[in-house]
Each structure stands twice: as C-alpha cells, then as structure tokens.
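These are the residues of each chain, in order.
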Amino acid sequence: MKSKIVTGILVTAVLVGGFFTVKSIERIGAGKVGVQYTTTGIKEETLSEGWHFINPFVKVKEFSIGNEQLVLSKKKKDNESFKVATSDDASISVSFQMSYRFISEDVVNTYKKFRGMDGEDIVDQRVKAVLKSQISEVTAGYSLMDVYSGNRSEINTKITEYLKDNFADKFGIEVLDASIIDVYPDDELKKAIDSRVKALQEKQQAEAEQEKIKVQKETEKMQAEADAEIAITKARAEAEAN
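Bear in mind the structure is a predicted one, so any value in this text is a computation, not a measurement. All residue numbers refer to positions counted from 1 along the written sequence of the respective chain. Where local features are concerned, this predicted model is filtered to residues with pLDDT of at least 70; where side-chain atom pairs are given and counted, the filter is 80 or more; whole-chain, interface and lining totals use all residues. Side-chain numbers come from the whole structure's heavy atoms, not from hydrogens or water.

K.L.:
It is not clear to me how a nonpolar patch on the surface should be interpreted in this structure. Could you clarify?
P.N.:
By definition, no residue in a patch forms a salt bridge, and every one has over 30% relative accessible area; like charges are joined within 9 Å, nonpolar side chains (Val, Leu, Ile, Met, Phe, Trp, Tyr) within 5 Å. Working definition of accessibility: Shrake-Rupley area with a 1.4 Å probe, residue cover restricted to the visible protein chains. What makes a salt bridge here is a side-chain nitrogen of Lys or Arg within 4 Å of a carboxyl oxygen of Asp or Glu, nothing more. A contiguous nonpolar patch, built from Ile25, Trp51 and Phe53 and spanning about 410 Å² of accessible area, is present on the exposed surface. For isoleucine 25, the position within the fold is in strand E1 (residues 25–28). The numbering of helices and of strands both runs from the N terminus, where a helix is a DSSP run of H or I of at least 4 residues and a strand a run of E of at least 2.

Below, the structure written as structure tokens:
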C-alpha cells in the first residue's frame, strides 16, 4: 500500500515537474524581443531571440525589432486601400506600404503605454487606425495630379519623415520607409484626371511650338544680321579695290 502511495506521489511530482518545466521554457522569435510580465508587474529586462528558461508564472509579449513591412493594398484579399485628401479638395484611393521596427530600448514603456498589447496588436489596432489621417496631412499639401503622377517621390519622402517623427513618440516605432505605391481613381475622377492630363499635354505642346517659333525667329534674325555684315564687308572691300 505504501509503495503505491509513494509511486503515486512520484508520478504526480514528475507530472507537475514536467508541467512547470514546459511552462518555464519560452522561445522568442527571430528579430524579436519579449516583454516579461506577471500579475504583480512588468519586468524591465526583456528577452532576446532564442530559447529561455523563465519563471513559470511569467508571461511574455513579443515585439519585432527586425524590419517588418505593413502593406495596405486594394490587391489583397481584404481591400485595405484608403482615401487621402489633396490640396484641390479632391480625394483619391491609394495603396500604401511602410517598413518599420519597434525601438528596442522602448518596448517595455510601449507595452506599459498600450496596456498589455503586443507589437502586432499595436500595429493592427492602433497604427492602422491613424495612418489615413496622418498621410492625408501630408498629401493635403499637394494637388491631385501630384499624388496621381507628379511629385510622388517627394510626397513619399515627406510621408516617411512625418511618420518617423510621429510614430516614435506615439507608438515606439521607427519608420524606415513609407510610400504610396499605387492610386485608384474612380470613373469620375479618372475622367477629370484624363482631362487635366490632356490639357497639360496641349499646354506643353503649345509652349513647345511657341519656343520653336521663337528660336526660328532668333535664328532668322541672326542670319539676317550675318548676311548684312557680309554685304557690308564685301562693299567695303570693293570700294577699297576701286
């Protein structure tokens, strides 16, 4: 009887020990750090990527400190494109991408600030929610044609700088690059854009014609002056010969 009790105790001890051993092993993914927390508080020390033995009562939330990419596109299964404002009171749907990473030394404070959210939750629930307004604050300084085809490179540089300044403080995120990657005008807007493009092309063609006429007149004037100079020189030579 005693042997059965002892055996039961040993089996129980092994099972409990195995359970706590498993609970004590935590793997942090590549390019990530783990924030440790318990019911009593949050640890200031983070876990680096790899395997760790930790207190079985400690839980972990991961944050990516490697380069990640957020893509909001019309071409994805769920249409995540969105409209941005322009300086001429128009709006146009765009696809957008952003390369980013969480700032390693700030992840604990970021976790505290967002009350238990991990990195993915912060991006999905908080960052995406403000992107439209943040990007519109930049595009509102440019015309519809600039966003559609003109100064896209300049606009993307401004968006990157703007988000970099704002997201570091708001979300503990370092923005590496941000850009509008495509635009989707509706039918009515497409007609307006085509009309503007045609008008611009006609203007450029007219300016080119005017420039051509101007150059031609200047060339004719120079030629006439050269011919006159030649005639004068020839007349002088003939007079001197007589």
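K.L.:
Honestly, the packing of aromatic side chains in this entry has me stumped. Any pointers?
P.N.:
How two aromatic rings sit relative to each other is set out by the distance from centre to centre and by the angle between their planes. To pair, rings of Phe, Tyr and Trp, with the six-membered ring standing in for Trp, must have centres within 6.5 Å; the planes then decide the type, stacked if under 30 degrees apart, edge-to-face if over 60, and tilted in the middle. Inspection of the entire model under this criterion finds six aromatic pairs. Relative to phenylalanine 102, the ring of phenylalanine 63 has its centre 5.2 Å away and its plane inclined at 85°; by these criteria the two rings are edge-to-face. Of the two residues, phenylalanine 63 is situated in strand E5 (residues 59–64) and phenylalanine 102 in strand E8 (residues 91–102); the sequence distance between them amounts to 39 residues. Classification of phenylalanine 102 as buried rests on a relative accessible area of 2%. Aromatic pair phenylalanine 114 and phenylalanine 171: ring centres 5.9 Å apart, planes at 20°, arrangement stacked. Here the residue phenylalanine 114 occupies a position in the loop between helix H2 (107–113) and helix H3 (119–139), and phenylalanine 171 occupies one in helix H5 (residues 152–171), the gap between them amounting to 57 residues. Overall, the relative accessible area of 8% leaves phenylalanine 114 in the buried class. What links up through ring pairs into an aromatic cluster is the set Phe63, Tyr100 and Phe102. Each residue is assigned to one of three classes by its accessible area relative to the maximum for its type, calculated with a 1.4 Å probe on protein chains only: buried under 20%, partly exposed between the two thresholds, exposed over 50%.

K.L.:
What's the story with H5 in this structure? I'm lost.
P.N.:
Given 3.6 residues per turn, any residue in an α-helix points the same way as the ones three and four places further on. Turning to H5, its buried residues are Arg152, Ile155, Asn156, Ile159, Thr160, Leu163, Asn166, Phe167 and Phe171. Note on contacts: a residue pair is in contact if any heavy atoms of the two residues lie within 4.5 Å. In this fold, the buried residues of H5 make contact with E8, H2, H3, helix H4 (144–148) and strand E9 (173–184). After H5 finishes, the residue glycine 172 shows a positive phi value of roughly 65°.

K.L.:
Would you take a moment to explain the sheet that holds strand E3 (residues 41–47) for this structure?
P.N.:
Working definition: the strands of a sheet are paired by backbone hydrogen bonds and lie parallel or antiparallel to each other. Across the sheet, three strands lie side by side as E3-E2-E5; this open sheet has antiparallel pairing. What marks the edges here is a single partner per strand, and that holds for E3 and E5. Direction aside, the axes of adjacent strands within the sheet are offset by 25° on average. The criterion for strand pairing is that DSSP finds at least two bridges linking the strands in question. Two elements, strand E2 (residues 32–38) and E3, share four bridges in a ladder whose sense is antiparallel. The axes are straight lines fitted to the C-alpha atoms, using for helices just the contacting stretch, and the angles between their N-to-C directions are given from 0 to 180°.

K.L.:
For this particular structure, what's the right way to read the pattern of salt bridges?
P.N.:
Pairing of side chains with opposite charge becomes possible as their charged atoms draw close. A complete count under the given rule lists five salt bridges for this structure. We note a salt bridge from glutamate 62 to lysine 32, for which the minimum N-O separation is 3.7 Å. Placement of glutamate 62 in strand E5 and of lysine 32 in strand E2 is noted, with a sequence separation of 30 residues between them. Exposure remark for lysine 32: the relative accessible area of 22% places this residue in the partly exposed category. Among the charged side chains, a network of salt bridges with common partners joins Glu80, Asp124 and Lys128.

K.L.:
Please clarify how the confidence of the model for the protein should be interpreted in this entry.
P.N.:
Segments scoring low in pLDDT should not have their predicted coordinates read at a detailed level. Looking at the protein, pLDDT values average 83 and 88% of them are 70 or higher. Low pLDDT (under 50) marks residues 8–23, which in the prediction has three contacts with non-local residues, meaning those over four places away or in another chain. A residue's pLDDT is the predictor's confidence in that residue, given on a scale from 0 to 100.

K.L.:
Mind showing me how you'd approach the nonpolar core here?
P.N.:
Within soluble globular proteins, side chains that are nonpolar tend to cluster in buried spots. By size, the foremost hydrophobic cluster in this structure holds 39 residues, and its most contacted members are Phe96, Met98 and Val127. In this structure, valine 127 is in contact with Leu70, Met98, Ile122, Phe167, Phe171 and Ile173, ignoring residues within four places of it in sequence. As used here, the term nonpolar core means buried Ala, Val, Leu, Ile, Met, Phe, Trp, Tyr and Cys residues forming a set that is joined through side-chain atoms within 4.5 Å. If you look at the next biggest cluster of nonpolar residues, it comprises five residues, including Ile28, Leu47, Val58 and Val60.

K.L.:
Is there a simple way to think about the environment of tyrosine 148 in this case?
P.N.:
Considering the arrangement of structural elements, one finds tyrosine 148 in helix H4. For tyrosine 148, a relative accessible area of 21% puts it in the partly exposed group. The sequence separation of tyrosine 148 and valine 94 amounts to 54 residues, and the corresponding C-alpha distance is 9.3 Å.

K.L.:
Sorry if this is basic, but what is going on with unusual backbone geometry here?
P.N.:
Note on backbone geometry: most residues besides glycine have negative phi, and most peptide bonds are trans. Here the phi dihedral of aspartate 89 falls at roughly 60°; this positive angle occurs in a residue that is not glycine. Among the secondary structure elements, aspartate 89 is positioned in the loop between strand E7 (82–85) and E8. For arginine 115, which is not glycine, the phi dihedral falls at a positive 50°. Mapping arginine 115 onto the fold places it in the loop between H2 and H3. What makes arginine 115 exposed here is its relative accessible area of 79%.

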